[in-house]
Amino acid sequence: EAMKRFEGTIEQKPPPYSAKKVQGMKYYELARKGEEVPDESKEVTVYEFSPIGEPGDFGPEGRIRFRLACSSGTYIRSVANDLGTALGCGAHLDSLRRTRIGAFSVSDAASLEAFEGMSAEERLSAPHAVPLARVPFPFPRVQLASLEAWKIRRGQAVPARGVEAREGDWVTLIGPTNDMLALGQVNPIGDRGVALIKPRIVLG
């Protein structure tokens, strides 16, 4: 019942020993120096927070396994600590294993031992090899024609229409066969929705 109270949109404070930055300094760097860490909270979303096994099925030393699905940026250590506070007994995170991120699941992964025993062709095959075009980079996608793709592969800038981005923003450049070619930056030209895109990281 206490876990269910944490599902939905909640306010969360990053733990002092986290990699969150303030004025270029990470929280844990400040904490290790004995300096005060900002007391700031942010909204995160918890889609599921439930125990694994039967209720009250505690392991050695009062450990309980749980499953949690959440938005990016959620601090699981803080959730565990806050649950202990809500229950009045205290709690901390003993271990954490990520089993999924977006559309990518650990069930599609290969162990290191299995990977080492694969041929080059098997290593590049689905489901554990994922084309870059399927990776959800947080940038607008720009589809290129054949000539534009040819220029991008050679590091040349190309003009594009309808790019909703400001100067310096990053975009994902997709080739005519839907393969990911590069990450580029935008330089708007005038006010008619035309921009010059310069490749910064060419991938294919």
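Rules of the game
- Along each chain, the written sequence defines residue order, and numbers are assigned to residues from 1.
- Only residues with pLDDT of 70 or above have their local features reported here, since the model is predicted, and side-chain atom pairs are shown and tallied only from 80 upward, although totals for entire chains, interfaces and linings are computed over all residues.
- Here the side-chain values reflect all heavy atoms present in the structure, with hydrogen atoms and water set aside.
- Any two strands with at least two DSSP-identified bridges between them are counted as paired.
- Helical segments are the DSSP runs of H or I of at least four residues, strand segments are the runs of E of at least two, and each set is numbered from the N terminus.
- Geometry is summarised by axes, namely lines fitted to C-alpha atoms with helices restricted to the contacting stretch, and by angles between N-to-C directions that run from 0 to 180 degrees.
- Residue contacts are counted whenever heavy atoms from the two residues lie within 4.5 Å of one another.
- A pair of aromatic rings is counted whenever rings of Phe, Tyr or Trp (Trp by its six-membered ring) have centres within 6.5 Å, and the orientation is called stacked for planes under 30 degrees apart, edge-to-face for over 60 and tilted otherwise.
- Residue burial is assigned from relative accessible area. The probe radius is 1.4 Å, only protein chains are included, and a residue is buried under 20% of its type maximum, exposed over 50%, and partly exposed in between.
- By definition, being over a ring means that NZ of Lys or CZ of Arg is both within 6 Å of the ring centre and within 35 degrees of the ring normal.

Participant: I keep staring at the sheet that holds strand E1 (residues 8-12) and nothing clicks. Help me out?
Facilitator: The sheet built from three strands is open, its strands ordered E1-E4-E5 with antiparallel pairing. The open sheet terminates on both sides in strands that have one partner only, identified here as E1 and strand E5 (66-70). Averaged over all neighbouring strand pairs, the angle between strand axes comes to 45°, with direction disregarded. Its contacts with the sheet put helix H2 (residues 76-87) on E1, strand E4 (42-51) and E5, and the angle it makes with E5 is roughly 125°.

Participant: It is not clear to me how the sheet that holds strand E9 (residues 158-161) should be interpreted in this structure. Could you clarify?
Facilitator: Working definition: the strands of a sheet are paired by backbone hydrogen bonds and lie parallel or antiparallel to each other. One open sheet holds the five strands; their spatial order is E8-E10-E11-E12-E9, and the pairing between them is mixed. Edge positions in the sheet fall to strand E8 (141-143) and E9, since each has one partner strand and no second. The sheet shows a mean angle of 45° between the axes of neighbouring strands, taken without regard to direction. As judged from the eight bridges shared by strand E11 (residues 180-189) and strand E12 (residues 194-202), these two strands associate in the antiparallel manner. Looking at the pairing, Gln 185 lines up with Lys 198 of E12.

Participant: Could you clarify how one ought to interpret the packing of aromatic side chains in this entry?
Facilitator: Following the criterion strictly, the structure yields three aromatic pairs and no others. Ring centres of Phe 49 and Phe 66 lie 5.2 Å apart, and the angle between their planes is 85°; this geometry places the pair in the edge-to-face category. Here Phe 66 lies in strand E5 and Phe 49 lies in strand E4, a separation of 17 residues in the sequence. Overall, Phe 49 belongs to the buried group, its relative accessible area being 1%. The side chain of Arg 123 reaches across the aromatic face of Phe 115, ending 4.4 Å from its centre.

Participant: When you look at the side chain of Ser 78 in this model, what are you seeing that I'm missing?
Facilitator: On the secondary structure map, Ser 78 appears in helix H2. Judged by relative accessible area, Ser 78 falls into the buried class, the value being 7%. Setting aside residues no more than four positions away along its own chain, Ser 78 makes contact with Gln 12, Lys 13, Pro 14 and Pro 15.

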